Amino acid sequence: MEIGSTLLRGNVCFNKINPLRSSDCWLPAACIIKARSAMDVALALLIVTTVHANFAVRSAGHNANSGFSSVGQQGVLLDLGEMNQITFNEDNSQAFIGPGSTWDEVYGALEAINLTVAGGRSGGVGVGGLILGGSLQSLFYCSFH
Ligand SMILES: Cc1cc2nc3c(=O)[nH]c(=O)nc-3n(C[C@H](O)[C@H](O)[C@H](O)COP(=O)(O)OP(=O)(O)OC[C@H]3O[C@@H](n4cnc5c(N)ncnc54)[C@H](O)[C@@H]3O)c2cc1C
């Protein structure tokens, strides 16, 4: 059974997807699961909760608090960065945005159809974290930011 892509420390790709963005905020996980679908997330959560493993969830990892979207060497990081699809229904009245999308990706996709949304002011902030209670929402986002 395969769940997204799973990387253990020592894997050559491990540091590429877990760059040292911040030594305080991004603790080094023992294992990273990069989910690609809701089913991946469900399976990963089933496994980590069954074995009582420490785990953390990351959308874009912008939260500045240590351990919020990272977990130390005894834990599993569930990374949603590849769940970043942005699609629209037929008449563009509904958008379907993956939690791993960043706000610059969302603004870009909406701008292409002459729409926008009140989201994060800094483009690299993730949709998942901000929607669940992130801060600094910018009501009047403009492309100068
Ligand atoms: C340098 C910096 C600049 C910032 N600039 C801005 C800004 O311009 N505008 C703004 O609005 N905010 C800004 N913020 C704050 C930001 O909105 C919040 O930190 C937000 O939580 C980040 O969202 P994220 O998805 O990137 O974070 P993450 O760090 O990935 O997630 C934040 C929290 O939510 C949880 N979480 C994330 N996704 C999910 C999910 N799908 N399911 C369950 N739990 C989840 C994580 O476990 C973590 O606890 C900034 C923060 C920093 C550090």
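Just so it is clear, the structure is predicted and the values come from calculations on it, not from any experiment.

Criteria and cut-off values
- Residues numbered from 1 in each chain as written.
- Predicted model: local features only at pLDDT ≥ 70, side-chain atom pairs only at ≥ 80, totals over all residues.
- Helix = DSSP H or I, 4+ residues; strand = E, 2+ residues; numbered from the N terminus.
- Buried ≥ 20, exposed ≤ 12 C-beta atoms within 10 Å, placed from the backbone.
- Core = buried A, V, L, I, M, F, W, Y, C linked by C-beta atoms within 7 Å.
- Contact = placed C-beta atoms within 7 Å.
- pLDDT = per-residue confidence, 0-100.
- Expected span 1.5 Å × (residues − 1).

1. Some words on the environment of S93
If you trace the backbone, S93 turns up in the loop between β5 (86–88) and β6 (95–97). The spatial distance from the C-alpha of S93 to the C-alpha of L115 is 9.9 Å, given a sequence separation of 22 residues.

2. With respect to unusual backbone geometry
One non-glycine residue with positive phi stands out, namely H52, at about 55°. Here H52 lies in the loop between α2 (38–50) and β3 (54–58). When the 7 C-beta atoms within 10 Å are taken as the criterion, H52 is described as exposed. One non-glycine residue with positive phi stands out, namely N92, at about 60°. Tracing the backbone through its elements, the reader meets N92 in the loop between β5 and β6.

3. Overview of the nonpolar core
Nonpolar side chains in soluble globular proteins generally cluster together in the buried interior. A29, I32, I33, A35, A44, V57, V71, V76, L77, L78, L80 and M83 form the largest nonpolar core, which has 12 residues in total. At the level of secondary structure, the elements contributing two or more residues to this core comprise β2 (31–34) and β4 (75–79).

4. Side note on helix α3 (residues 103–111)
Along an α-helix, residues three or four positions apart point the same way, because every turn accommodates 3.6 residues. Residues W103, E105, V106 and Y107 constitute the buried set of α3. Taken together, the buried residues of α3 touch β5, β6 and α4 (127–131).

5. Let's talk about the confidence of the model for the protein
Residues of the protein with pLDDT of at least 70 account for 75%, and the chain-wide mean is 83. Per-element mean pLDDT across the protein ranges from 52 in helix α1 (residues 14–17) up to 97 in β5. Of the regions scoring below 50 in pLDDT, residues 139–145 engages in eight contacts with residues more than four places distant in sequence or in other chains.

6. Digging into the environment of L80
With respect to the helices and strands, L80 occurs in the loop between β4 and β5. Measuring from C-alpha to C-alpha, the distance between L80 and S37 comes to 8.7 Å, with 43 residues separating the pair along the chain. Contacts of L80, omitting those with residues within four sequence positions, involve A35, V57, R58, S59, P99, G100 and G128.

7. Structural notes on α2
Over its 13 residues, α2 runs 18 Å from end to end, which matches the ideal 18 Å to within 8%, given 1.5 Å per residue. One or two positions beyond α2, positive phi appears at H52, with a value near 55°.

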